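Summary of structural features
The primary structure of each chain is shown beneath.
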Amino acid sequence: MTVPIVVVGAALFDGGRLLAARRSAPADLAGRWELPGGKVEPGETPDAALVRELREELGVDAEPGERVPGEWPLRPPYVLHVWTARLRPGSAAPEPLQDHDELRWLTPEETGDVDWLDQDVPAVRRTLAHLGLPGGALGRTEGPAGR
Ligand SMILES: Nc1nc2c([nH]c(=O)n2[C@H]2C[C@H](O)[C@@H](COP(=O)(O)OP(=O)(O)OP(=O)(O)O)O2)c(=O)[nH]1
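Note that this is a predicted model, so its numbers are computed, not measured.

1. Observations concerning helix α2 (residues 120–130)
Residues of α2 that are buried include every one of Asp120, Ala123, Val124, Arg125, Arg126, Thr127 and Leu128, and no others. Those residues of α2 that are buried lie in contact with β1 (5–14), β2 (17–23), β3 (33–34), β5 (62–73) and β6 (78–87). At the C-terminal side of α2, Gly132 shows a positive phi close to 75°.

Below is the structure:
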């Protein structure tokens with residue numbers, strides 16, 4: 001059995017808004033929006049990976065919060081986990097330095113306005129629900145299985 005490799009996605013909040021990042025590569029994902037983040041490296045903790053990826057991709061100094069319960073399958077062997085995060089005081093504002101070509105801070109109501117990667121739709125919906133925020137145009141609630 002293949003051991004899953006975790007991709008951490010950051011639900012980075014600032015002033016009640018969530019950061020969405022538009023991928024610039026690879027070609028099949030370019031133009032779609034995601035939670036910034038990346039693969040957890042061997043021996044690395046997920047929260048350390050989150051801080052590293054946000055520094056590399058966005059140039060920010062982030063503080064990890066809590067893991068959002070749940071796991072979303074990506075192409076094998078990857079699975080997406082989501083952690084909340086916020087900017088540490090004094091952090092630079094995020095810039096699309098690597099992997100992205102546009103960033104948007106979205107109010108919960110605006111989260112349906114961007115074309116998220118498929119797996120990010122349930123992940124963002126779950127994140128908002130977990131934080132007690134409205135899901136906006138992300139639409140319907142999760143199915144009866146609640147997964
Ligand atoms: N970072 C991130 N990746 C996601 C999300 N949703 C989703 O399907 N993916 C996919 C896209 C990629 O195939 C994979 C993560 O790759 P990545 O390119 O962000 O990771 P990385 O920075 O560690 O990549 P690299 O070192 O191999 O270049 O997971 C998401 O919300 N955030």
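2. Points about helix α1 (residues 46–58)
For α1, spanning 13 residues, the distance from its first C-alpha to its last is 17 Å, which sits close to the expected 18 Å at 1.5 Å a residue. Along α1, the positions that sit buried rather than exposed are Ala49, Leu50, Val51, Arg52, Glu53, Leu54, Glu57 and Leu58. Against β1, β2, β4 (37–39), β5, β6 and β7 (100–106) lie the buried residues of α1.

3. Re unusual backbone geometry
What you tend to see is this: most non-glycine residues have negative phi, and most peptide bonds are trans. Residues Ala25 and Pro26 are joined by a peptide bond in cis, for which omega reads -10°. Inspection of the secondary structure puts Pro26 in the loop between β2 and β3. In this model, Pro76 is joined to Pro77 through a cis peptide bond whose omega is 10°. The residue Pro77 is located in the loop between β5 and β6 in this model. Here the phi dihedral of Asp99 falls at roughly 75°; this positive angle occurs in a residue that is not glycine.

What counts as what
The residue numbering used here restarts from 1 in each chain and proceeds along that chain's sequence as written. With pLDDT at 70 or above as the cut-off, local features in this predicted model cover only qualifying residues; side-chain atom pairs require 80 or more to be listed or tallied, and sums for whole chains, interfaces and linings still use all residues. Excluded from the side-chain calculations are hydrogens and water; all other atoms, namely the structure's heavy atoms, are used. With a 1.4 Å probe rolled over the protein chains alone, any residue whose accessible area is under 20% of its type maximum counts as buried; one over 50% counts as exposed, and the rest are partly exposed. Numbering of helices and strands runs from the N terminus; a helix is a DSSP stretch of H or I covering at least four residues, while a strand is a stretch of E covering at least two. The contact criterion used is simple: two residues touch if any of their non-hydrogen atoms lie within 4.5 Å. Multiplying one less than the number of residues by 1.5 Å gives the expected span of a helix.

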